[in-house]
Amino acid sequence: MDWQAFALSLRLATVTTVILLAVAVPLAALLVLGRGRWLPALEALAALPMVLPPTVLGFFLLVLLGPRTAFGRGIAALLGHPLAFSFDGLVVGSVIYSLPFAVQPLVAGFSSVDTALVDAARLLGAGPVRLVLSILVPLARRSLLAAVVLSFLHTVGEFGVVLMLGGDIPGATRTLSITLYNQVGNFDYASAERTAATLLGLSVLALAVIYSTQKRGSRGRA
Amino acid sequence: MLKRFFPAMLAIAMVAPLYAQAPLRIAAAADLAPVLPPILQEFQQATGIRAEATFQASAMLTSQIENGAPFDVFMSADLSYPKRLLDAGLADTGGLAVPSTPITYAKGTLVLWERKDSQLPPPSLDLLRNPNLKRLAIANPDRAPYGRAAVAALTSLKLYDDLKPRIVTAENISQTAQFAESGNADAGLISLTSALTPQLANSGSYFVIPRDLYPPIEQGMVIVNKTTQREAAQKLLDFLLSPAVQAQFAKSGLTPVK
């Protein structure tokens with residue numbers, strides 16, 4: 001078992017999930033509570049990475065944000081190194097790649113909160129921040145859990161972006177899914193089986209957590 | 001108008017390939033990506049046989065063939081991977097050579113490539129010793145023969161341990177060129193076939209790594225046993241060894257064997 005890659009995948013997924021929560025909670029609240037013609041466009045943009053081939057994203061990050069564009073040089077000056085071949089680069093890629101998996105459950109959860117509660121809170125003078133943190137988030141906490149677990153897992157399973165952007169550096173960009181690819185390429189099927197089983201186990205475990213909390217929730221409500 | 005005919009066109013487009021002769025499928029090492037497509041077109045003009053190539057790292061293709069990928073011919077960037085298939089009884093040489101040895105069709109050349117607009121000195125062995133060389137791209141030495149040659153050359157120069165933390169590994173030799181060409185790596189140890197493509201010839205320059213620094217990159221091919229088009233595959237092998245194609249290899253950055 002490649003524990004270094006295992007730890008790296010978990011670290012990447014944790015950092016990505018934390019950033020995603022900070023981005024996705026306000027974004028989902030805006031999509032649910034906001035008014036405006038541009039909202040569907042914003043919603044489409046937030047859902048785009050779900051249908052976009054990861055290789056497209058990898059290509060954009062590698063070339064458009066690479067050292068040959070002014071924007072890429074700005075990033076390189078800021079970080080002290082180009083985005084490609086670095087953990088930071090993978091974080092940027094993962095945040096974009098997993099964004100819909102954080103936003104979608106939150107939008108669904110926030111939408112299912114009783115509008116009477118939202119209106120009442122507004123009448124009592126709650127501002128948007130208070131509304132989100134005291135009404136929407138607590139009432140949609142199961143959706144929040146789903147968003148966390150799905151973002152985390154989707155990032156662990158990320159492959160196309162990492163393959164295009166990573167450069168296979170142990171401890172920095174060699175994630176568990178890249179290790180699996182390497183093991184198959186090196187005909188080391190025994191190790192590949194263990195890596196694949198680890199990834200499979202992680203996914204099953206996490207989904208079991210989501211579904212068990214949802215079951216308990218619906219029973220409680222009925 | 002278009003709308004009315006669209007369902008019929010769609011139906012034809014879906015059914016037609018079933019009746020056409022299936023193309024010859026070539027599993028080809030990534031260093032052949034700039035070389036092989038025009039040669040396969042000439043092959044079709046000469047014989048009427050359509051051939052399509054898939055380009056990847058040699059080891060990845062070997063792994064795919066071992067797991068039943070429907071290829072007819074395998075053109076590796078070394079001899080060890082086709083040998084592996086021969087030994088496993090998954091491939092043969094079509095009676096063209098000793099049955100246990102892949103047919104050598106060309107030799108590869110390793111070059112150090114760098115963008116012309118780089119801040120660093122032009123490519124040479126000294127560039128590899130330059131402390132300002134922060135990122136050097138090589139192909140994965142575990143599965144790409146050019147990657148293995150790159151590590152061998154750096155080891156011969158006693159630079160490998162020093163450079164190791166600054167090496168970025170690409171999936172195959174095409175991606176190595178891409179890492180360097182896009183400027184994400186400062187330089188790359190790539191194949192001469194990539195360096196001679198118009199795109200890379202325009203944007204950069206190369207230095208041929210002295211051949212005594214790495215074992216020769218002998219490139220071998222075999223026929224995959226499961227092929228249903230043995231005759232066509234055999235014709236392709238003969239075509240690739242013909243003087244005309246060998247001369248074309250020489251112009252594209254491969255050393256001919258005939």
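Owing to the predicted nature of the structure, the values given are computational and were not obtained by experimental measurement.

### So, the interface of chain B and chain A
At the interface, 16 residues of chain B touch 17 residues of chain A. Those elements giving two or more residues to the side of chain B that touches chain A turn out to be α3 (58–66) and β8 (167–170) of chain B. Considered class by class, the residues forming the side of chain B that touches chain A number 6 nonpolar, 6 polar and 4 charged.

### Details of the nonpolar core
Ranked by internal contacts, the top residues of the largest apolar core, which has 130 residues, are L106(A), V73(B) and F74(B). Built from parts of two domains, this core gets at least three residues from each of domain 1 (16–107 + 218–256) and domain 2 (110–208) of chain B.

### Structural notes on unusual backbone geometry
Phi is positive for D168(A), which is not a glycine, with a value near 50 degrees. Topologically, D168(A) is positioned in the loop between α9 (160–165) and α10 (176–185). Note on D168(A): 22 C-beta atoms within 10 Å, which makes it buried. Phi is positive for K158(B), close to 60 degrees, though the residue is something other than glycine. Inspection of the secondary structure puts K158(B) in the loop between α6 (145–156) and α7 (160–163).

### Let's talk about α6(B)
Residues and elements named next belong to chain B. Taking 1.5 Å of rise per residue, 12 residues should cover 16 Å, and α6 covers 16 Å from first to last C-alpha, within 8% of that figure. Summarising burial for α6: 9 of the 12 residues are buried, a large majority. What α6 keeps buried is the set P145, Y146, G147, R148, A149, A150, V151, A153 and L154. Phi turns positive, to about 60 degrees, at K158, one or two residues after α6.

### Comments concerning the pairing of strand β11 (residues 217–224) of chain B
Residues and elements named next belong to chain B. For β11, the buried fraction is high: 7 of the 8 residues fall into the buried class. In this sheet, β11 lies alongside strand β3 (residues 73–75) in antiparallel orientation, the contact comprising 3 bridges. Looking at the pairing, F74 lines up with V222 of β11. In terms of strand pairing, strand β4 (residues 91–92) meets β11 through 2 bridges, oriented antiparallel. Residue pairing in the sheet places D92 in a bridge with I223 of β11. As paired strands, strand β5 (residues 103–108) and β11 are joined by 5 bridges and run antiparallel to one another. Counted as the bridge partner of G108 is I217 from β11.

### A closer look at the domain arrangement of chain B
Residues and elements named next belong to chain B. Taken domain by domain, chain B consists of domain 1 (16–107 + 218–256) and domain 2 (110–208). Listed per partner, the contact involves 16 residues of domain 1 and 16 residues of domain 2. At the level of secondary structure, the elements contributing two or more residues to the side of domain 1 that touches domain 2 comprise β2 (51–56) and α3. Top contributing element to the side of domain 1 that touches domain 2 by residue count: α3, with 3 residues. In terms of residue class, the side of domain 1 that touches domain 2 is built from 10 nonpolar, 4 polar and 2 charged.

About the cut-offs
Residues numbered from 1 in each chain as written. Chains lettered and ligands numbered in written order. Predicted model: local features only at pLDDT ≥ 70, side-chain atom pairs only at ≥ 80, totals over all residues. Contact = placed C-beta atoms within 7 Å. Helix = DSSP H or I, 4+ residues; strand = E, 2+ residues; numbered from the N terminus. Nonpolar A, V, L, I, M, F, W, Y, C, P; charged D, E, K, R; others polar. Core = buried A, V, L, I, M, F, W, Y, C linked by C-beta atoms within 7 Å. Buried ≥ 20, exposed ≤ 12 C-beta atoms within 10 Å, placed from the backbone. Domains from an automatic or database assignment. Expected span 1.5 Å × (residues − 1). Pairing = 2+ DSSP bridges.

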